[in-house]
Amino acid sequence: MKIMPGSMRRHYMAIVSVFLVTVVLIAGMIDCAPIEHSEPTPKIYDWYDLDAMRYDLSGNYTLMKDLDSSTPGYEELAGSTANRGQGWQPIGTEYAPTGFYGTFDGQGYEIRELSINRPDELVVGLFGEVGQGGVIKNLG
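Each chain has its residues counted from 1, running along the sequence as written. Only residues with pLDDT of at least 70 are given local features in this predicted model, and only at 80 or more are side-chain atom pairs given and counted; all residues enter the totals for whole chains, interfaces and linings. Excluding hydrogens and water, the side-chain values take into account all heavy atoms of the structure.

S.K.: Before we move on, could you go through the overall build of the chain and cite the residues and values that matter?
M.R.: On a plain count of helices and strands, the chain comes out with four helices and four strands. Secondary structure elements are taken from DSSP: a helix is a run of H or I of four residues or more, a strand is a run of E of two residues or more, and numbering for both begins at the N terminus. Order of helices (α) and strands (β) in the chain, N terminus to C terminus: α-β-α-β-α-α-β-β. Any residue under 20% of the maximum accessible area for its type is buried, any over 50% is exposed, and the rest in between are partly exposed; the area is computed with a 1.4 Å probe on protein chains only. Scored against the burial criterion, the 140 residues of the chain give a buried share of 30%. Residues count as neighbours in contact if any of their non-hydrogen atoms are within 4.5 Å of one another. By sequence separation, contacts in the chain at least 24 residues apart represent 74% of the contacts at least 6 residues apart. When the accessible surface of the chain is split by element, carbon and sulfur atoms take 57% of a total near 9,600 Å². Here, Shrake-Rupley sampling with a 1.4 Å probe gives the accessible areas, and only protein chains in the shown set may cover a residue.

S.K.: Can you lay out unusual backbone geometry for me, pointing to particular residues and giving the numbers?
M.R.: At Gln107, a residue that is not glycine, the phi angle is positive and equals roughly 50°. The class of Gln107 is partly exposed, set by a relative accessible area of 43%. Within the chain, Glu113 stands out as a residue other than glycine whose phi angle is a positive 65°. Within the element layout of this structure, Glu113 appears in the loop between strand E3 (103-105) and strand E4 (135-137).

S.K.: Requested: an account of the sheet that holds strand E1 (residues 43-44), with residues and values cited.
M.R.: DSSP calls a pair of strands paired once it identifies at least 2 bridges connecting them. Strand order in the open sheet formed by four strands is E1-E2-E3-E4, with parallel pairing between adjacent strands. Each edge of the open sheet carries a strand with a single partner, namely E1 and E4. As defined by bridge partners, E3 adjoins E4 across three bridges and the pair is classed as parallel. Bridging across to E4, Phe104 finds its partner in Ile136.

S.K.: Please give an account of the nonpolar core that cites residues and values.
M.R.: Side-chain atoms within 4.5 Å are what join buried Ala, Val, Leu, Ile, Met, Phe, Trp, Tyr and Cys residues into a set we call a nonpolar core. One finds Trp47, Leu50, Met53 and Phe104 to be the most contacted residues of the largest nonpolar core, which totals 18 residues. Among the elements that take part in this core, helix H3 (residues 74-78) stands out by supplying three residues, more than any other. When near neighbours in sequence (up to four residues on either side) are disregarded, Phe104 contacts Ile44, Leu50, Met53, Tyr61, Leu63, Ile111, Phe127, Val135, Ile136, Lys137 and Leu139.

S.K.: How would you explain a nonpolar patch on the surface if you had to name every residue and give the values?
M.R.: Judged by side-chain polarity, Val130, Ile136 and Leu139 come together as a nonpolar surface patch covering roughly 200 Å² of accessible area. By secondary structure assignment, the location of Leu139 is in the segment after E4. Within this analysis, patches are made of residues with over 30% relative accessible area and no salt bridge. Like charges are joined at 9 Å or less; nonpolar side chains (Val, Leu, Ile, Met, Phe, Trp, Tyr) at 5 Å or less. Whenever a carboxyl oxygen of Asp or Glu lies within 4 Å of a side-chain nitrogen of Lys or Arg, that contact is scored as a salt bridge.

S.K.: Run through the packing of aromatic side chains, naming residues and quoting values.
M.R.: By convention, a stacked pair of Phe, Tyr or Trp rings (six-membered ring in the case of Trp) has centres within 6.5 Å and planes under 30 degrees apart, an edge-to-face pair has planes over 60 apart, and any other such pair is tilted. Scanning the model with the defined rule gives five aromatic pairs in all. Both a distance and an angle decide whether a charge sits over a ring: NZ of Lys or CZ of Arg must be within 6 Å of the ring centre and within 35 degrees of the ring normal. Between Arg54 and the ring centre of Trp88, over which it is positioned, the NZ or CZ distance is 5.2 Å.

S.K.: Hey, could you go over the pattern of salt bridges for me, with residue numbers and the actual values?
M.R.: One pass over the structure, following the stated rule, counts five salt bridges. In this structure, the salt-bridge partner of Arg112 is Asp66, at a minimum N-O distance of 3.6 Å. Here Asp66 lies in the loop between strand E2 (60-63) and H3 and Arg112 lies in the loop between E3 and E4, a separation of 46 residues in the sequence. A salt bridge links Arg112 to Asp68; its shortest N-O distance comes to 3.2 Å. With Arg112 in the loop between E3 and E4 and Asp68 in the loop between E2 and H3, the pair connects residues that are 44 residues apart, well separated along the chain. The partly exposed category is assigned to Arg112, whose relative accessible area is 30%.

S.K.: Any details on the environment of Pro90? Residues and values, ideally.
M.R.: With respect to the helices, strands and loops of the structure, Pro90 is situated in the loop between helix H4 (82-85) and E3. Here Pro90 falls in the buried class, since its relative accessible area comes to 0%. When the C-alpha positions of Pro90 and Val123 are compared, they lie 7.8 Å apart, and in sequence the two are 33 residues distant. With residues near it in sequence (within four places) discarded, Pro90 still touches Arg54, Arg118, Val123, Val124, Gly125, Leu126, Phe127 and Gly128.

Okay, here's the thing in structure tokens:
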């Protein structure tokens, strides 16, 4: 068997090329593997946290304690003098016509002493509207 002077070099170049293509494919497969994102569930500790829910109506929220008149933000957001005497502005009415469509887990805690004085409005309550897929559970 006679070996041509340039053929051995071509043979090694072919092997190196196959090796490099294999490495690139494997690296691409590793890079494309699904990454699990575990975003933390926003936790509700006071009336300010509860009020902030209206800016992300698709979020998943967890109530971490009872909310009442002694909880920070009550006078400003949920008391009888809040919002020019109208009290609490219901979540899911002002910023999105679809309502709240996330999840709110009360974990058995209670929301007490919420003041709402909106006789001319149709959708009132802690949540004005709960849209398709919206879940409110374990709330006292």
